[in-house]
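Chains, contacts and geometry: an overview
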Amino acid sequence: MVDNELKIELGKQGILVTTIEELYNWGRRSSVWPMQFGLACCAIEMIATTMARYDLARFGAEVFRPSPRQADLMIVSGTVTKKMAPQVVRLYNQMAEPKYVIAMGACAISGGPFKQGYNVLKGIDRYIPVDVHIPGCPPRPEALIQAFMTLQKKIDGQPLTGEGRPRFLDADAQCEFPVPEQGAHDLEPPSNQGVWPVEIQGVGSRERRDIDGRQVSTDH
Ligand code: SF4
């Protein structure tokens, strides 16, 4: 077993020591290609992140792919309207594993300034799993770069076997989620149970319960 100190010492002498796990994760985190789409004003900041001043290419992520089949990362940049939410979930389902999601901006994480709007989703994490949330309206390009580095750190720390292994190496893990449809009054289902606690509509209040049925909060 080579400990970290020895590794650094050997590195100084030009000897590179690594593990398959490190090599594999290094490859994944250095080639995270985002999908090319944007939803609202946050998308302008996302575009700025790829330009010369901020240069997302430094992280190997400048190749924005026009097809979900070729993309690893979905950056949900902007307001997710209830009309658009099914398309976002469908695109997520069409991405191949390993895939990641960054929810960029107050709108994408919670509805933001439009939270009370009848037509705006109160966070895309109701329907798909989000790896990194970025607050702010709009978050600056530095915030997106910070989120990207956080995602890279997450990928770096993933063991390839045993508990805590990534979803795509777990045959039982869910990688596609139901696409919501427009019902009589709202989207149906109101959330996907695999990623968001069950919501029960009460009179004048809404209880939020976790997957095991335990109450976790009440909204009025
Ligand atoms: S968070 Fe602000 S900047 Fe981003 S999409 Fe919403 S309103 Fe626009």
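Relevant structure appears above.
A few points on the structure. Remember, it's a predicted structure, so these values are computed and weren't measured experimentally.

Conventions and cut-offs
- Residues numbered from 1 in each chain as written.
- Predicted model: local features only at pLDDT ≥ 70, side-chain atom pairs only at ≥ 80, totals over all residues.
- Helix = DSSP H or I, 4+ residues; strand = E, 2+ residues; numbered from the N terminus.
- Buried ≥ 20, exposed ≤ 12 C-beta atoms within 10 Å, placed from the backbone.
- Contact = placed C-beta atoms within 7 Å.
- Pairing = 2+ DSSP bridges.
- Axes fitted to C-alpha atoms, helices over the stretch in contact; angles between N-to-C directions.
- Core = buried A, V, L, I, M, F, W, Y, C linked by C-beta atoms within 7 Å.
- Right-handed = clockwise from strand over helix to strand, strands pointing away.
- Parallel < 35°, antiparallel > 145°, perpendicular 65-115°, else oblique.
- Left-handed = near helix turned anticlockwise from the far one by under 90°.
- Nonpolar A, V, L, I, M, F, W, Y, C, P; charged D, E, K, R; others polar.
- Near = placed C-beta within 6 Å.

For the chain, the count of helices and strands is six helices and eight strands. For the chain, the sequential pattern of α-helices and β-strands runs α-α-α-β-α-β-α-β-α-β-β-β-β-β. Every one of the 220 residues in the chain was classed for burial, and the buried ones make up 30%. Counted over contacts in the chain with a minimum sequence separation of 6, partners at least 24 positions apart contribute 67%.

Take the sheet that holds strand 2 (residues 100-104) next. Spatially, 1-2-3 is the arrangement adopted by the three strands of the open sheet, whose pairing is parallel. With one partner strand each, in any of the chains shown, strand 1 (73-77) and strand 3 (132-134) form the two edges of the open sheet. The mean angle between the axes of side-by-side strands here comes to 15°, regardless of whether they run parallel or antiparallel. In this structure, strand 1 lies alongside strand 2, joined through five bridges in parallel fashion. Bridged to Met74 within strand 2 is Val101. Contacts from helix 3 (residues 42-50) reach strand 1 and strand 2 within the one sheet, and its direction differs from that of strand 1 by about 135°.

Below, the discussion takes up unusual backbone geometry. Residue Pro138 follows Cys137 across a cis peptide bond; omega there is -10°. Within the secondary structure layout, Pro138 lies in the loop between strand 3 and helix 6 (141-156). Between Glu188 and Pro189 the backbone carries a cis peptide bond, its omega angle lying at -5°. Take Pro189: it is sitting in the loop between strand 5 (187-188) and strand 6 (198-201). A positive phi is found at Asp55, a non-glycine position, where the angle reads about 55°. For Asp55, a count of 13 C-beta atoms within 10 Å corresponds to the partly exposed category.

Moving on to the nonpolar core. In terms of nonpolar packing, the biggest core is built from 41 residues, with Val76, Ile102, Ala103, Met104 and Ile124 touching the most fellow members. Those elements that place two or more of their residues in this core are helix 3, strand 1, helix 4 (85-94), strand 2, helix 5 (105-110), strand 3 and helix 6.

Counted residue by residue, strand 1 has five buried out of five residues, so it is predominantly covered. Here strand 1 shows two buried faces, one formed by Leu73, Ile75 and Ser77 and the other by Met74 and Val76. Crossover handedness for the path strand 1 to helix 4 to strand 2: right-handed.

The next point concerns the pairing of strand 2. Looking along a regular strand, one sees the side chains alternate between the two faces of the sheet. Counting buried positions along strand 2 gives five out of five residues, so the element sits mostly inside the fold. Here strand 2 shows two buried faces, one formed by Tyr100, Ile102 and Met104 and the other by Val101 and Ala103. Both strand 2 and strand 3 contribute to a ladder of three bridges, which runs parallel. From the neighbouring strand, Met104 faces strand 3, where its bridge partner is Ile134.

A few words now on the packing of helix 2 (residues 20-29) against helix 6. Each pair of packed helices gets described by two things: the angle between the helix axes and the distance between those axes. Look at helix 2 against helix 6: their axes get within 9 Å of each other, and the N-to-C directions meet at 155°. Looking at the two axes, helix 2 sits roughly antiparallel to helix 6. In the packing of helix 2 onto helix 6, the handedness of the crossing is right-handed. Facing Asn25, Arg28 and Arg29 of helix 2, the residues of helix 6 in contact are Gln152, Ile155 and Asp156. Considered class by class, the residues forming the contact of helix 2 with helix 6 number one nonpolar, two polar and three charged.

This part takes up the site of the ligand. Taken together, the neighbourhood of the ligand is formed by Ala40, Cys41, Cys42, Gly78, Thr79, Gly105, Ala106, Cys107, Gly112, Pro113, Cys137 and Pro138. The leading source of residues in the shell around the ligand is helix 5, at three residues. A breakdown of the residues in the shell around the ligand according to their chemical character gives eight nonpolar, four polar and no charged.

Now for helix 1 (residues 4-12). With zero of nine residues buried, helix 1 is to be regarded as a mostly surface element. Two residues or fewer after helix 1 comes Gly14, characterised by a positive phi angle close to 85°.

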